[in-house]
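The lines below spell out each chain.
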Amino acid sequence: AEAVPVVAPSTITLAPIDVVGQKDCMAAYYTAELIMQYRQDGLDLATTLTLFDDSPKSTKIVKQAFRVSQFDTDKYQKRAVKQFAEEQYNLCEDER
């Protein structure tokens, strides 16, 4: 069996991580994922708005989700959910 090369820890440079900001953006990711899942499941806008706090950020994410088409197939629904969540995460990161 071939030996696996080991990288010495001193050769790896890690950038400082903003844990609080990262958690906020992950929260945005999971919230967006849930909202888009509701959208793809056929829940209407008014009902979806009542399920989340009425903060401007939550309302904005819900409204953005309802600009995305509702898809018929599981494959496209999952893709829409993932893409929307990733988009919201990236927007959060860009705002930091």
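The coordinates are above.
Residues numbered from 1 in each chain as written. Predicted model: local features only at pLDDT ≥ 70, side-chain atom pairs only at ≥ 80, totals over all residues. Heavy atoms only, no water.

Caption draft 1: Quick peek at the environment of A27. Relative to the assigned elements, A27 resides in helix α1 (residues 19-41). For A27, a relative accessible area of 40% translates into the label partly exposed. Along the sequence, A27 and Q88 sit 61 residues apart, while their C-alpha atoms lie 9.8 Å from each other. (Helix = DSSP H or I, 4+ residues; strand = E, 2+ residues; numbered from the N terminus. Buried < 20%, exposed > 50% of the residue type's maximum accessible area, 1.4 Å probe, protein only.)

Caption draft 2: Region of the structure containing the pattern of salt bridges. Using the criterion set out here, one finds 2 salt bridges in the structure. The partner of K78 in a salt bridge is D74, and the shortest N-O contact between them spans 3.1 Å. Remark: D74 and K78 occur in helix α4 (residues 74-95); sequence separation between them is 4 residues, near one turn of the helix. Judged by its relative accessible area of 53%, K78 falls in the exposed class. Overall, D74 belongs to the partly exposed group, its relative accessible area being 46%. (Salt bridge = Lys/Arg side-chain N within 4 Å of Asp/Glu carboxyl O.)

Caption draft 3: Region of interest: helix α3 (residues 56-65). Listed in full, the buried residues belonging to α3 are S58, I61, V62, Q64 and A65. Across the axial projection of α3, the buried residues extend over an arc of 165°, all falling on one side. (Arc of directions from axis to C-beta.)

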